[in-house]
Amino acid sequence: MAAGTATVTAAALVTDMVKLLGPERVFHKDVDLKTYTYDSSFVSQINNFTPEVVVMPTSTEEVSRIMRYADQHGVAVTPRGAGSGQTGGSVAVRGGIVMDLSAWDDIVEVDEVNMQVVVRPGVVHAELNNHISSYGLYFPPDPGSSEWATIGGMVANNASGLRAVKYGNTGQYVLGLEVVMPDGQVIRTGGLKSKALKSVSGLNLTGLFLASEGTLGVITEVRLKVWPKPPSRAIVVAYFDRLEDAAQSVLEVFKAGILPSGIEILDDGAIRSVNLFKPQLKLPEVEAAIFFEVNGSKAATEDEGRQIEEIAKRRAGSVEMATDAKRMKELWTGRQAIGAASARAKPNAARIFAGEDVCFPMAKVPEALRRIKEIGREHDTMVVIYGHIGDGNMHTAPIIDPLKPEEVEAAQRVAEDIHRLALEIGGATTGEHGVGFVRAAFMEEEHGAALTVMRRIKDCLDPKGIMNPGKIWAEE
Amino acid sequence: MEATYQLDFAQELKKCVRCGKCRTSCPVFHELRGESASPRGRLALVKALQTGELEPSEELADRLYTCLLCKTCAVDCPSGVISDEIFVAAREYLAEALGQPLMQRALLRGFLTRPGLHASASSLMRLYQKSGAAAMLDKTHLIEHLPEKARAAARLLPDVAGRPGRKRLREVTPAQGEKKYRVSYFLGCATNLLYPEVAEDTVEVLSRNGCEVVTVDDVKCCGMPHLAYGDMETARELARENLRALSDAGSDYVVSDCASCSATLGETYQHLFDAGTPEHARTKELADTVYDVSRFLVEVTGIQPGEHQVEATVTYHDPCHLSRAQKVTEQPRAVLRAVPGVEFREMAEADRCCGSAGSFSVMHHDISTKILDRKIDNVEATQSELVATSCPTCTMQLSFGLRERGSEATVVHPVQLLARSYRGE
Ligand SMILES: Cc1cc2nc3c(=O)[nH]c(=O)nc-3n(C[C@H](O)[C@H](O)[C@H](O)COP(=O)(O)OP(=O)(O)OC[C@H]3O[C@@H](n4cnc5c(N)ncnc54)[C@H](O)[C@@H]3O)c2cc1C
Ligand code: SF4
Ligand code: SF4
């Protein structure tokens, strides 16, 4: 059988999908299915969540037909973008169909005057920005995975990233969505014909699908607000001998009335990793570095850059301000690469994505950083810290030898303790990556009765439980 | 799965965190779009093979061979995964595990699905029979199928020049002016058979720059085609013979005008033998003396600038085996700039693979042609009269792409322009 509640065999499912889409965009051989058993989460790599079939639809009609079929036959459907998620979100933990939407990457419309774009779900974030830069526009959220993550995946996870401190998350830019519901019905949120930049007409269905992680429907089109591209930017990098000083400097910059477009932290392990990946960067190897990015007019960026430099100098050992395009690109791409490059922090080891995306209240960040280091020491596990310190959203990467079971177990305990720390000091278990499979166990503790309401919404929209089952709600 | 090709699969594979970044720049994935065509997907397949979750199969071989070994994924990987080397090692394992008939079918599948092309098969036959590439195909009896496939591939080939390079060159060409170095010229199969005039120009340029040039007669194919098809045994045998022949020649340096040959001699040979063995020590010694010709001119002799004007607009395509395998990108451009009259125009994505990758362009013609289309778009956008590149397979592929478009631009090796400038053509 294709999935828990399916009324169709795997073989029949494949035949029927081929009838719907033709053979080219349906994968069912073991070798192809194997490559859909993972995203970047470690959990997906130590399990074997194999779908029965993978489909690659490229029209709303095709998605709708697949959903109608899945609804009739009780087959689970897991939407998937680039599979860069870190939570097992795009992996078919209950089998069935994986719907790979990454090849459906048309930019349908760029409306320069109304400052909005309409895209299909598979458009890659960086490619959208490359395309609209010739119109002087840009879509500000900036995930570390910008070069490969899809807009569909970003909406479904309400992703954010390096510039969230000033520009917020993806959701703040979504004006409307086309969604194929679990029974195949096609709806449009935000107004059928609307091109308005604001609308409070009716319940906020757009908001409902943000961070829904593919559990409520398939996003097939996104209408995004985009912004004028700031003409100038500058990056100030400050190097600190103490992690706590780095965190304090961030608070002091805010206190001076400056709102940088990005504030990123790298601890010693992260700095070392970036140097190993991009030796030309030559970052001083201290306990912590903070990257401040400012943007706007040339005069404003220079002025704010200089002010930040002055403030940081009070605590930092050294400070570098970059306005040269080449150096800024090197620094920023170096920072973006840490997610995977942190493996280099320790020889013969790897970083694992074990579900560490905690978000702390700003005032508690210095304390949280210290406690995370302690947790690492308690479990004898190296933890590399980097992330969006400007909004308290930290990534804590365990660096272990994944071939050693005792190290894997210790890393899992580290991840568990860090999640508990976030809940204990009034933070969130996930700031941007989502719940997926890996954090479902914390939902009850984090949300209490609100989780029951979420469950009721899910049951109402997806009564047969076929949309990405096994995610967000642990009991499924 | 045993450790092979000096590579421990489990240790290398564990570095891949499955972040997905390598989906960004893989030329093959860009055309096919399914995850199994991405570098991350191929690594997952090798991992499944290593852990025993998947058995060796024709389909698995197909996915692993639908790869240009262009190294883009490896160079871009933040985590330091040596993906292309992992794929080569896995091919070796598969070649052994599957045995010939299955492997043959897997390789042929792409080959047989060519659109019907009608050009003569004889030139392809000749290349495959004469070049070292034939060895692997011969061994697997693929050669028997060639006439059929050759129709498809023949359009790729240039008109095969009458006299091969080796017959045109003297055993020792003296240095012009003061002799600075004695250099062994490593003449690769494709240059020898398809572009003998490049061989002549390389030797002339070396000689003009103070080198006594020995065209070593008994060198064999460098072994790159065999490595690509997982035939390590033959590759090792060829490496041994070349090590001996080059050492007998007793030169200060070994220089090649073929990016694949210099990459194989200078880097890959070291992976073929166990550390600590005398052969491994010899590959290391050899590596220190091997140079691509442009790099040699820039870093060792210094370029004697051209004397006569060569009025031409020229763009440059970086071969994967030079830019990524050897990190040589500036030197060929420096050679072009040393030619008076040349107006150099940088193309977009100059280091993106052209889709040739040895026989990939024949075996996976459709994908290769799509990758090539993008390259030719970039070439045409520069409106250059000439495209320079440092690899005979890239030359073949780019020439094919330009011919198909009806473009008048032609492909040259950078040293050819320098030679023309010396001669005043
Ligand atoms: C190195 C690295 C750095 C990262 N940096 C950041 C960062 O800075 N900020 C950040 O927020 N995230 C980051 N991420 C996480 C991840 O890239 C984001 O969550 C991204 O939005 C996922 O996009 P995707 O296309 O890969 O989606 P996938 O991983 O394929 O899917 C993610 C979720 O969305 C659902 N989904 C995908 N497409 C659709 C659709 N069309 N309709 C309905 N549901 C859908 C899936 O079912 C799944 O639940 C990073 C990941 C890596 C590996
Ligand atoms: S090979 Fe490198 S870039 Fe590709 S998924 Fe693995 S870690 Fe990421
Ligand atoms: S070597 Fe090139 S073709 Fe092969 S997987 Fe890597 S990027 Fe793709």
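**Things to note about the side chain of B:Glu12**
Phase 1: Tracing the backbone shows B:Glu12 in helix H1 (residues 9-13).
Phase 2: Here B:Glu12 is in contact with B:Leu7, B:Val81, B:Ile82 and B:Ile86, once residues within four sequence places are set aside.

**Some words on the interface of chain B and chain A**
Phase 1: Counting residues at the interface gives 33 residues for chain B, matched by 38 residues for chain A.
Phase 2: Taken together, both faces of the contact between chain B and chain A bury some 2,800 Å²; the carbon and sulfur share is 57%.
Phase 3: Our enumeration of links across chain B and chain A arrives at six salt bridges.
Phase 4: Of the charged contacts in the structure, one is a salt bridge between B:Arg63 and A:Asp32, with a shortest N-O distance of 2.9 Å.

**Comments concerning the site of ligand 2**
Phase 1: If you check the shell around ligand 2, you find 13 residues, and the closest are B:Cys16, B:Cys19, B:Gly20, B:Cys22 and B:Cys77.
Phase 2: Taken together, the residues that form the shell around ligand 2 break down as eight nonpolar, two polar and three charged.

**What to know about helix H15 (residues 259-272) of chain B**
Residues and elements named next belong to chain B.
Phase 1: Helix length check: H15 (14 residues) gives 19 Å between terminal C-alpha atoms against 20 Å at 1.5 Å per residue, within 8%.
Phase 2: At Leu265, H15 shows its maximal kink, close to 45°.
Phase 3: Across the 14 residues of H15, 13 count as buried, placing the element largely inside the fold.

**A look at the domain arrangement of chain B**
Residue and element names in this part refer to chain B.
Phase 1: When the domains of chain B are assigned, the result is domain 1 (9-98), domain 2 (165-299) and domain 3 (305-423).
Phase 2: Computed from C-alpha atoms alone, the centre-to-centre distance between domain 1 and domain 3 is 28 Å.
Phase 3: Contacts between domain 1 and domain 3 engage 15 residues on the former and 15 residues on the latter.
Phase 4: When domain 1 packs against domain 3, the two sides together hide about 1,200 Å² of surface, and 70% of this comes from carbon and sulfur.
Phase 5: Its largest share of buried area at the contact with domain 3, domain 1 owes to Pro27, Glu31 and Leu68, together 40% of the area lost on that side.
Phase 6: Summed over the shared surface of domain 1 and domain 3, the number is zero salt bridges.
Phase 7: On inspection of domain 1 and its partner domain 3, the count reaches four residue pairs in polar contact (both at pLDDT 80 or more).

Calculation criteria
- Residues numbered from 1 in each chain as written.
- Chains lettered and ligands numbered in written order.
- Predicted model: local features only at pLDDT ≥ 70, side-chain atom pairs only at ≥ 80, totals over all residues.
- Heavy atoms only, no water.
- Helix = DSSP H or I, 4+ residues; strand = E, 2+ residues; numbered from the N terminus.
- Contact = heavy atoms within 4.5 Å.
- Buried area = accessible area lost by both parts, 1.4 Å probe.
- Salt bridge = Lys/Arg side-chain N within 4 Å of Asp/Glu carboxyl O.
- Near = heavy atom within 4 Å.
- Nonpolar A, V, L, I, M, F, W, Y, C, P; charged D, E, K, R; others polar.
- Expected span 1.5 Å × (residues − 1).
- Bend = angle between axes of the 7 residues up to and from the residue.
- Buried < 20%, exposed > 50% of the residue type's maximum accessible area, 1.4 Å probe, protein only.
- Domains from an automatic or database assignment.
- Polar contact = N/O pair within 3.5 Å; in protein donor to acceptor, adjacent residues only side chain to side chain.

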